[in-house]
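This is what each chain is made of:
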Amino acid sequence: MPDDDLPEESAGDRADGWAAIDAALRPIYGEQEPLHWGTLIKYRLGGPDPLDGISAYRHDLPPAPPHWHFVTYGMSELYAKELEDADVSGWGFEFSFRLARNPQDDQPPMWPLNLLNNLARYVCDSGNVFAPGHYLPFNAPIATSESTALHAALFAEDPELKTIDTPNGKMQFLQIVGVTLDELAAARAWNVQRFLEVLAARHPLLVTDMTRASILGNASIAATIAQRTALEGSSSGGTAISQLELSSADAPPPLVITIGANAVADLQALLRGRIPFNRPFRVRSASTIVRFLPAPSLNVTREESTLTVELPSETARSLADSLRPQRGDYPVPTAPHLLVRVIPTDIKDATGEKIIETIG
């Protein structure tokens, strides 16, 4: 995406969807002219960038610190209505991202453009959409060019830009919020949206500050989140992982659920935060689904690549306590015919080729 004004071709091609985004921004920024980067060749015409454009506004209104406010154009239908769902514009959202800014800076860093396009490319290629309450761990800092403790993202509705109606359907502004790995674990174990409320109390408008430390370093905040997690359980209905397999249906007992070491913490949090609260959850990969259901007694059923495990609260807690993110076999308490096998997980760099860390 060139560091340039919107190309002439795109400027002349603007339509109602684009204008609706501009109209939503105008009450906040008035006549401020944003910095803008546009694509030379649109994605639908074979260009490399899914987004038709990204704007960056200077935000200097308290109580938030000075920051850059990035907003995308391209996840919604900007031009003529093409998709069948008349109520939703495109994917139903545009990304926003707020990055802390030195008041003297007149140009933002360029890495947020790559971040936003990479997230857009993931949605377009996979068909998996993001929504408020979702989360995304990265295999590296949120910006590999900077030293930061922020290695993951949570998703929230932009605090200033709400869901809007456009001529092509509704869309919301979905804000990407950089967080540390321990914050990600706490949010997943409890409730992402409630966690973001706690974060917003210290970081208004959920501005991403690349220099900040985890809010869990504050003992009072950490204790409050732990207490509410214990009382309320987890709001997450499941998680997607890359390493999840079942032993062959023809294999002798025990039935083996194989997971990667990097998924152990997620499984532990869900076992503790869902089953004892009478809430089901599921873990899935591209080819396998394991459903965990609260029940008075243990029961396991299998239908091809889907496994259903009904289990009591005490069994769920015992399994969670026994699991470790280390290679090995972990029997399910009171179920000798079932065990969880943990295998190492290789974490690769952004190219997907170089292994930068092995977990387990």
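Coordinates for the structure precede this section.
Residues numbered from 1 in each chain as written. Predicted model: local features only at pLDDT ≥ 70, side-chain atom pairs only at ≥ 80, totals over all residues. Heavy atoms only, no water.

Caption draft 1: How the structure looks around the pattern of salt bridges. Enumeration according to the criterion identifies twelve salt bridges in this entry. A salt bridge links Arg228 to Glu232, with the nearest nitrogen and oxygen atoms 2.9 Å apart. Of this pair, Arg228 and Glu232 both sit in helix α6 (residues 219–232), four residues apart, which is roughly one turn of the helix. On the accessibility criterion, Glu232 (30% relative accessible area) is partly exposed. Salt bridges sharing partners connect three or more residues here, namely Arg98, Asp158 and Glu160. (Salt bridge = Lys/Arg side-chain N within 4 Å of Asp/Glu carboxyl O. Helix = DSSP H or I, 4+ residues; strand = E, 2+ residues; numbered from the N terminus. Buried < 20%, exposed > 50% of the residue type's maximum accessible area, 1.4 Å probe, protein only.)

Caption draft 2: Spotlight on the nonpolar core. Counting residues in each nonpolar core, the largest one holds 30 residues, and the members touching the most others are Ile257, Ile259, Leu271 and Phe292. For Phe292, the contacting residues outside a window of four places in its chain are Leu267, Leu271, Ile275, Pro280, Phe281, Val283, Val309 and Leu311. (Core = buried A, V, L, I, M, F, W, Y, C linked by side-chain atoms within 4.5 Å. Contact = heavy atoms within 4.5 Å.)

Caption draft 3: A look at helix α3 (residues 111–126). Its 16 residues give α3 an end-to-end C-alpha distance of 22 Å, which sits within 8% of 22 Å, the value for a rise of 1.5 Å per residue. Of the positions making up α3, those classed as buried are Trp111, Pro112, Leu113, Leu115, Leu116, Asn117, Leu119, Ala120 and Val123. Of the surrounding secondary structure, the elements contacted by the buried residues of α3 are β1 (35–38), β2 (53–59), β3 (67–73), β4 (88–100), β5 (135–137) and β8 (169–180). Positive backbone phi, approximately 80 degrees, marks Gly127, located one or two places after α3. (Expected span 1.5 Å × (residues − 1).)

Caption draft 4: Local environment of the sheet that holds strand β11 (residues 255–260). The four strands lie next to each other as β10-β11-β17-β16, forming an open sheet whose pairing is mixed. With partners counted over all chains shown, the strands left at the sheet margins are β10 (244–246) and β16 (328–332), one partner each. If you compare each strand with its neighbour and ignore which way they point, the axes differ by 20 degrees on average. Note: β10 against β11, three bridges, orientation antiparallel. Bridge pairing in β11 links Leu244 to Ile259. Of the strands in this sheet, β16 and β17 (335–343) touch helix α8 (residues 313–322), which is tilted by about 165 degrees from β16. (Pairing = 2+ DSSP bridges. Axes fitted to C-alpha atoms, helices over the stretch in contact; angles between N-to-C directions.)

Caption draft 5: Summary view of the environment of Ser247. Examined against the element boundaries, Ser247 turns out to sit in the loop between β10 and β11. Overall, Ser247 belongs to the buried group, its relative accessible area being 18%. Separated by ten residues in sequence, Ser247 and Ile257 have C-alpha atoms that sit 6.8 Å apart. Aside from chain neighbours lying at most four places away, what touches Ser247 is Pro254, Leu255, Val256 and Arg302.

Caption draft 6: Molecular detail of the sheet that holds strand β15 (residues 306–311). Here we have five strands laid out as an open sheet, ordered β9-β12-β13-β15-β14, and mixed in their pairing. Each edge of the sheet is formed by a strand with only one pairing partner; in this case those strands are β9 (238–240) and β14 (299–303). Neighbour-to-neighbour, the strand axes of this sheet turn through a mean angle of 15 degrees, independent of strand direction. Strand direction decides the pairing type here: β9 and strand β12 (residues 281–284), joined by three bridges, are parallel.

Caption draft 7: Structural detail: the environment of Phe130. By secondary structure assignment, the location of Phe130 is in the loop between α3 and β5. Considered as a pair, Phe130 and Trp91 are 39 residues apart in the sequence and their alpha carbons are 9.1 Å apart. Look past the residues within four positions of Phe130 in its chain and what remains in contact with it is Phe93, Phe95, Leu119, Tyr122, Val123, Leu136, Phe155 and Leu174.

Caption draft 8: Just α6, in detail. In this model, α6 (14 residues) spans 20 Å end to end at C-alpha, consistent with the 20 Å of a helix rising 1.5 Å per residue. For α6, the full list of buried residues reads Ile221, Ile225 and Thr229. Buried residues of α6, viewed axially, fall in a sector of 70 degrees; they line one side. Turned more than 90 degrees away from the buried face of α6 sit Ala219, Ser220, Gln227, Ala230 and Leu231, all of them exposed. For α6, the secondary structure elements touched by its buried residues are α4 (181–189) and α5 (192–202). Among the residues trailing α6, Gly233 stands out with phi positive, at a value near 75 degrees. (Arc of directions from axis to C-beta.)

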